[in-house]
Amino acid sequence: MSKILKIAFQGEPGANSHIAISEAYPTAEAMPCPTFEDALSAISSGEADLGMIPIENSVAGRVADIHHLLPGSGLYIIGEWFLPIRHQLMALKGTRLADIKTVESHVQALGQCRRYIRQLGIRPIVAGDTAGSARDVSERGDKSVAAIASRLAADIYGLDILAEDIEDEAHNTTRFVVLAREAQWAEQNSGPLVTSFVFRVRNLPAALYKALGGFATNGVNMTKLESYMVDGNFFATQFYADVDGHPEDKGLAFALEELKFFSRELRIVGVYPAHPFRATFSETRD
């Protein structure tokens, strides 16, 4: 009998991360964790086998905590998952839209439904996560308070959905990464691949320009580049990047070698299959 995977996520049952787990790993056990730190710690300690962690959203941008925490976690990316986000406005059973005075949810969910909230004329209140706000509304028993969360959360916490799919943008999609304790590089030439890495350039004039030049000259497509401070130092910047390909591909191998020459630190954090969602969009050209 095969072991059932336990996959950690930040949030409460019914969160979008929970939905991503159920889609990507239908037979796995989802393990809710109060914070991202708790989820990463559960993976590191072996309490969980994997983690499903949101890293960026097509409307709200990056999930800042993860870019800060991932490099120091010692964990590796072994896969990715894209989840279309559909937000529902929910409240206690029997509540009418006219009864609602405030709405609670995660800050990103509130931002993704900004136009609808303004249209209703209700006050947004930031909560820890979407599903947690649904649970709070269910337990509080106040019909003047609504939550923005998933349809699954409404089912779990016994709430009525007052308005469906209230996100401002139809393309609203969150990208998740699957984290593991050990690196599991996808095989070269096994299909479209993504390589993710973190690096710090040397403190030299034009170091970043020189470090990244190898990707252009070797025809490597860089799909993501994020920067953030290290240890609160305004002058110590670390970068996170995603590129197409495998580190043993000739062009990417040369580009990484050039990057390493101009960098103080370079660590590959994952080589994994590109999710099929990537093939559904492309750069439009004039």
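Look a little higher up for the structure.
Residues numbered from 1 in each chain as written. Predicted model: local features only at pLDDT ≥ 70, side-chain atom pairs only at ≥ 80, totals over all residues. Heavy atoms only, no water.

Colleague: What should I look at first to understand the overall build of the protein chain in this one?
Modeller: Assigned secondary structure in the protein chain consists of nine helices and 15 strands. The C-alpha atoms of the protein chain give a radius of gyration of 21 Å, which matches the 19 Å a tight globule of 286 residues would have. Along the three orthogonal principal directions, the C-alpha set of the protein chain runs to about 65 × 50 × 40 Å. Sequence separation of 24 or more characterises 74% of the internal contacts of the protein chain that already satisfy a separation of 6 or more. Total accessible area on the protein chain stands at roughly 14,300 Å², and carbon and sulfur atoms take up 51% of it. (Helix = DSSP H or I, 4+ residues; strand = E, 2+ residues; numbered from the N terminus. Rg over C-alpha atoms; globule rule 2.2 N^0.38 Å. Contact = heavy atoms within 4.5 Å. Areas by Shrake-Rupley, 256 points an atom, 1.4 Å probe, with all protein chains shown as cover.)

Colleague: Where do I start with the packing of aromatic side chains in this structure?
Modeller: Given two aromatic rings, their pairing is described by the distance between the two centres and the angle made by the two planes. The final tally for this structure, using the stated rule, is five aromatic pairs. With centroids separated by 5.1 Å and ring planes inclined at 15°, the aromatic side chains of Phe199 and Phe239 adopt a geometry described as stacked. In this pair, Phe199 sits in strand β12 (residues 193–201) while Phe239 sits in strand β14 (residues 233–244), placing the two residues 40 residues apart along the sequence. Considered together, Phe199 and Phe239 belong to a single accessibility category, that of buried residues. Within the aromatic cluster, the residues linked to one another by ring pairs are Phe197, Phe199, Phe215 and Phe239. (Phe/Tyr/Trp six-rings, centres within 6.5 Å; stacked < 30°, edge-to-face > 60°. Buried < 20%, exposed > 50% of the residue type's maximum accessible area, 1.4 Å probe, protein only.)

Colleague: Would you explain the side chain of Asn57 in this entry?
Modeller: Within the secondary structure layout, Asn57 lies in strand β3 (residues 50–57). Residue Asn57 is classed as buried on the basis of its relative accessible area, which comes to 6%. At 3.3 Å, the side chain of Asn57 forms a polar contact with the backbone oxygen of Thr173. Among all residues touching Asn57, those that are not within four sequence positions of it are Ile85, Gln108, Gln112, Asn172, Thr173 and Thr174. (Polar contact = N/O pair within 3.5 Å; in protein donor to acceptor, adjacent residues only side chain to side chain.)

Colleague: Even after reading the chapter, I still don't get the environment of Lys143, so can you show me in this structure?
Modeller: The topology assignment puts Lys143 in the loop between α6 (130–140) and β9 (145–149). On the accessibility criterion, Lys143 (40% relative accessible area) is partly exposed. For the pair Lys143 and Ala39, spaced 104 residues apart in the sequence, the C-alpha separation amounts to 33 Å. Discounting chain neighbours no more than four positions away, the residues touching Lys143 are Leu92, Lys93, Gly94, Thr95, Asp99 and Ile100.

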